[in-house]
Structure formats: structure tokens, C-alpha cells
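What the coordinates show
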Amino acid sequence: MSGFQSPRGLRDIREPDASAFAWAEEHAWSAALAAGYARIQLPVAEDSALFERAIGGTSDVVTKELYRLAVRSEESTPLALRPEVTAGVVRAYLQHGMRSEPQPVRLVTVAELFRHDRPQKGRYRQFTQFDIEAIGDAGSGIDIEVIELGTAYLRSVGLRDIEVHLNSVGCPTCRPGYLVVLAKHFAAVADRLSPVDQARLEENPLRLLDSKDEVAVAHAKGAPRFVEHLCADCAEHDRAVREGLSIAGVTVVDAPHLVRGLDYYTKTAWEYLLPGEQGQQGALGGGGRYDGLVELLGGPATPGVGFAIGIDRVVLALQERGLTPAPQRPPAVVVCGIEPGSVGMRIAIASELRASGVSARADVSTRKIGKQLESAVRDTAIAVIIVEPDGSLSLRDLAAGSQAEPGARAMVVSAAAQLARTQGGQ
Ligand code: HAM
């Protein structure tokens, strides 16, 4: 073993987890593509300033968790590994003039992200998100569409009892008023708050609702609810979203103190949680409306809404419930050979099988045929083709334990393919 280990919080994902990840990701792409979302792939690093401006200079994600890359030369701008997708999608929306396309622009990506967080179960320094963004529509209908899409995805992978915890975090018209009453509420315990929470009270009292500190948590219970301080426009939006979700069959749990860890949210904010789970740490995903973000990043005033679901947490939840799909079967057919000189032919036959849609590999060794058969059995192959010294082929049915007389190549290859197909080992 070398002395090297994978860095803390950055994992190797091996079977059977790797298959579960791939399965959850494929489901994500197909759920979004089927609903009319277009694929987008973004760079893994962006200007640090993009994240600072979009996510918020005082958020944990920017102050503590951003992986900043060393500046390589004087003319290059400081870059950071992406901690989330939304900022990059909005940057791309503006850069590529997507405003001139029919609105909303619906985009989907599955992306690897980096946050220098304290690693623990469900929280890693590299993780994967299924991210959806719909930019350019201010109506409540698109919120309902996006929230339902995430719910349907989570149900489709087997998490049928998923709940949507929903709140409204208002807009620049009503938020200042709410922040005043919220700050007043926490001011009563200001001297008992932790130094971090005292700073939050000054800078952004909304974050106190998400504090892990005992005093803040206890005092948050009786905190004023944003829904009671929304302006008429936000209140009507919130009402319409809830009504539409109920008709669309999405279970909504009222979460009057739900706040998100990123600063760009306005109006609708939600999290996907399994019953009994609480707070952002336990969330499978979260999202919200971000009507000020495009403008904040230098574009014209443009509304947007989206979510991200953590694939790592989805896989964890499936594992805990014993719902992970079985890893893919190894090759259905193994092509063995008696003569060392037949390796090229074995490879050609395996390739021909794969081209016809049947999984196959060649045994490329020069071991005794018995050893080759043993490893085919260990791989749970369905059939073995043996290349005989005279170039003819024999077919062995591993389930039946039978072997046919040697025959011509085309006939035996097609019989092996047939056997693999009838036994479901494509
Ligand atoms: P977020 O709540 O920061 O939102 O992350 C969304 C999800 O990503 C979380 O609910 C969780 O499942 C997963 N996640 C976050 N951090 C980690 C981590 N360290 N390890 C494992 N999984 C993690 C956003 O990122 C927003 N950009 C979502 C959004 C899209 N809002 C609008 N559009």
C-alpha cells in the first residue's frame, strides 16, 4: 500500500455504492429531460467573486467553506471550486444571452461540488447535486412545477414518504420589516447568544433561525413567523403555491422558520425532508425563488427558481432503507481459449457480442481452461464460449452445466447471445 490516502472528506465511491450513485443520477437526468429541461454542464471553478456576490459574503458557504485556488499569475482572476450550481447557471444565462430565448429557460445539471465543511455522515467536502433551474418566470406556476418535479424524482427512486417543508422568505419590500421584528425578538437574549450569533443579530438576523447554538435554538421556537409579515404580493404568491401543490398531490409541511444557507432567496423557499428529519443538515435537497440574483450578477431584473437535491444523501437514505438497486451484472458471456494464440480471436468475439448488445468479456490469460472457467463462474456469467485449438467454438451453458459440440463461429456466437438474452443477462 502506498502512504497516500484520499484527502479527508473526499471519498472513493466503489461498488455497490457506485452503481447506486449512477442509478440515482440517471433517474435525475431522465426526470428533468422528460419535463422539458435542457442539459447544461458548467466549469468546476468560477471567479470567487461570483460566489461571494451570489451566495452572500457573510454566509458560511463563502466565509468558511469555499475552496479558493491559488492565483497562478498576476493577470488571472482568483478562482474557487464551485460550492453550488445556481450562481454558475445564472452567470451562463447572462453570458450566453439566454434572455432572448423563450422564457423561462429550464436547465438541469448533475454536478460535483466542493465545500470545506466538517466531514460527517451525509456531509462531505465533495458531493454531487441534481440541480434544476427555471429562469425568467415570476409566476407561482413555475414554483409548483419545480417543487413537484423534485418530489416526483424522490418518490420515483423509492423515497415515497418525502415531505416538502415550505416557507416564504419575502422580498426586498417586506423583508426589512420582518428583520426588525426578528432582531427585536432575539435582542431580548442578546447577551446570552454565542459571539457568532451576536454577530448574526447585527448583520443578518435571519441566520439566527438556522443557528445550532442552544440559546438561539430555544429562542427561535417563539420567533415571529415570516408569513405574518409578508407584503400583499408575497402573501398571494405563497397562497397560490400552496394551493397548487396541494392540487398537484405534493405533501407540504408548513415550516415558518425555514431559512436557507444561501443569501439569494426571495419568496418561496423549501426543503425536501424524510419524516422525522429536521433542518438543513438532514435535508435531501432544498431550493427556492431567487428573483434578485440575475440583477445582482449584472443582468436585467429577471426572476428565477430552482432546487438542488444531494445525490449522496439520496443514496444514503436508500441504503438505510435497504432500497439500493443491485449492482449491474458482470458480463453475461465470457470467451475463453485453450491456445495462447487465440487471445486476439477471443477479444474479437467478445467485442462482436457487445456490438450486438450482449455484455461480454474475453479471458485474455493463458491459464488452464479450468481456471478460466472458474473465474467465469465467479463472475456469475451465463455462458462461456471456448475457442478450440482448431478455431471452432464450443458453448457452455453455466446454469445448466452443459456443453454443446464445437461448431462454426457465427452459429455459436448467436447461440450464446440468445442464451444471455433469455436469461436476462444483457
Ligand atoms: P443547499 O441547500 O446548499 O442548496 O444544497 C442542496 C442539497 O445539497 C442539500 O440539501 C444536500 O442534500 C446537498 N448538500 C449540500 N452540502 C452538502 C455536503 N457538504 N455534503 C453532501 N451533500 C450536501 C443549494 O446548493 C442551492 N444552490 C439549491 C438551489 C438551486 N436553489 C435554487 N436553485
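Residues numbered from 1 in each chain as written. Predicted model: local features only at pLDDT ≥ 70, side-chain atom pairs only at ≥ 80, totals over all residues. Heavy atoms only, no water.

Topic: the overall build of the chain
Of the regular secondary structure elements, the chain holds 14 helices and 15 strands. For the chain, whose C-alpha radius of gyration is 28 Å, the value lies well above the compact-globule estimate of 22 Å for 426 residues. By principal-axis analysis of the C-alpha atoms, the chain measures approximately 90 × 50 × 45 Å. The 426 residues of the chain split such that 50% are buried. If you take every contact in the chain between residues at least 6 apart in sequence, the share linking residues at least 24 apart comes to 68%. For the chain, the distance from the average site of its 45 positive side-chain charges to the average site of its 53 negative ones is 4 Å. (Helix = DSSP H or I, 4+ residues; strand = E, 2+ residues; numbered from the N terminus. Rg over C-alpha atoms; globule rule 2.2 N^0.38 Å. Buried < 20%, exposed > 50% of the residue type's maximum accessible area, 1.4 Å probe, protein only. Contact = heavy atoms within 4.5 Å. Lys, Arg positive; Asp, Glu negative; His and termini not counted. Charge placed at Lys NZ, Arg CZ, Asp CG, Glu CD.)

Some points on the site of the ligand
As a structural note, the neighbourhood of the ligand is formed by 26 residues, with Glu 84, Tyr 124, Glu 133, Arg 260 and Tyr 265 the closest of them. Between Glu 133 and the ligand, the recorded distance is 2.9 Å, taken from a side-chain N or O atom to a nitrogen atom. The backbone of Ala 283 places a nitrogen or oxygen atom 3.3 Å from an oxygen atom of the ligand. Out of a free accessible area of 660 Å², the ligand has 96% covered by protein chains. Of all the secondary structure elements, the ones that give two or more residues to the shell around the ligand are strand 5 (126-135), strand 9 (285-289) and strand 10 (304-310). Among the residues making up the shell around the ligand, the classes are represented as 10 nonpolar, 9 polar and 7 charged. (Near = heavy atom within 4 Å. Polar contact = N/O pair within 3.5 Å; in protein donor to acceptor, adjacent residues only side chain to side chain. Areas by Shrake-Rupley, 256 points an atom, 1.4 Å probe, with all protein chains shown as cover. Nonpolar A, V, L, I, M, F, W, Y, C, P; charged D, E, K, R; others polar.)

Some points on the environment of Ser 356
If you trace the backbone, Ser 356 turns up in the loop between helix 12 (343-355) and strand 12 (360-362). Note on Ser 356: relative accessible area 37%, which makes it partly exposed. Spatially, the C-alpha atom of Ser 356 lies 8.2 Å from that of Ala 417, the residues being 61 residues apart in sequence.

Considerations on the packing of aromatic side chains
Tallying each qualifying case throughout the model produces 7 aromatic pairs. Note on Tyr 272 and Phe 307: the rings are 5.8 Å apart at their centroids and 85° apart in plane angle, and the pair reads as edge-to-face. Within this pair, whereas Tyr 272 is found in strand 8 (residues 266-273), its partner Phe 307 is found in strand 10, the two being separated by 35 residues in sequence. Given the relative accessible area of 0%, Tyr 272 is considered buried. Given the relative accessible area of 1%, Phe 307 is considered buried. Among the aromatic residues, those joined into a cluster by ring pairs are Phe 130, Tyr 153, Trp 270, Tyr 272 and Phe 307. Taking the ring centre of Tyr 124 as reference, the NZ or CZ of Arg 11 above it sits at 3.6 Å. The positively charged end of Arg 39 is found above the aromatic ring belonging to Trp 29, 4.6 Å away from the centroid. (Phe/Tyr/Trp six-rings, centres within 6.5 Å; stacked < 30°, edge-to-face > 60°. Lys NZ or Arg CZ within 6 Å of the ring centre and 35° of its normal.)

Focus on unusual backbone geometry
Omega for the bond connecting Glu 15 with Pro 16 falls within 30 degrees of zero, at 5°, which places this linkage in the cis form. Among the structural elements, Pro 16 can be located in the segment before helix 1 (17-34). Going from Gln 103 to Pro 104, the amide bond is cis rather than trans, its omega being 0°. For Lys 267, which is not glycine, the phi dihedral falls at a positive 50°. Residue placement: Lys 267 occurs in strand 8.

A look at the domain arrangement of the chain
Split into domains, the chain comes out as domain 1 (17-174 + 230-320) and domain 2 (333-424). For domain 1 versus domain 2, the separation of C-alpha centres amounts to 49 Å. (Domains from an automatic or database assignment.)

Quick look at the pairing of strand 11 (residues 333-337)
Where burial is concerned, most of strand 11 is hidden: 5 out of the 5 residues are buried. Every second residue of strand 11 is oriented toward a common face, with Val 333, Val 335 and Gly 337 on one face and Val 334 and Cys 336 on the other, all of them buried. The pairing of strand 11 with strand 12 spans 3 bridges and is classified as parallel. The residue of strand 12 that forms the bridge with Val 334 is Arg 361. Of the crossover connections in this fold, the one passing from strand 11 over helix 12 to the parallel strand 12 is right-handed. Direction of pairing for strand 11 relative to strand 13 (residues 383-387): parallel, over a ladder of 5 bridges. Looking at strand 13, one finds that Val 334 is bridged to Val 384. (Pairing = 2+ DSSP bridges. Right-handed = clockwise from strand over helix to strand, strands pointing away.)

Let's talk about the packing of helix 1 against helix 11 (residues 311-320)
Relative to each other, helix 1 and helix 11 sit at 120°, their axes nearing to 10 Å. For the element pair helix 1 and helix 11, the recorded crossing hand is right-handed. Where helix 1 abuts helix 11, its residues Asp 17, Ala 20, Phe 21, Trp 23, Ala 24 and Glu 25 lie against Ile 311, Asp 312, Val 314, Val 315, Leu 318 and Gln 319. (Axes fitted to C-alpha atoms, helices over the stretch in contact; angles between N-to-C directions. Left-handed = near helix turned anticlockwise from the far one by under 90°.)

Points about the state of the cysteines
Summed over all chains, the structure comprises 0 disulfides. Counting only cysteine sulfurs, Cys 234 is the nearest neighbor of Cys 171, a cysteine outside any disulfide, at a range of 3.5 Å. Not engaged in a disulfide, the cysteine Cys 174 finds its nearest cysteine sulfur in Cys 231; these two sulfurs lie 3.7 Å apart. (Disulfide = S-S within 2.5 Å.)

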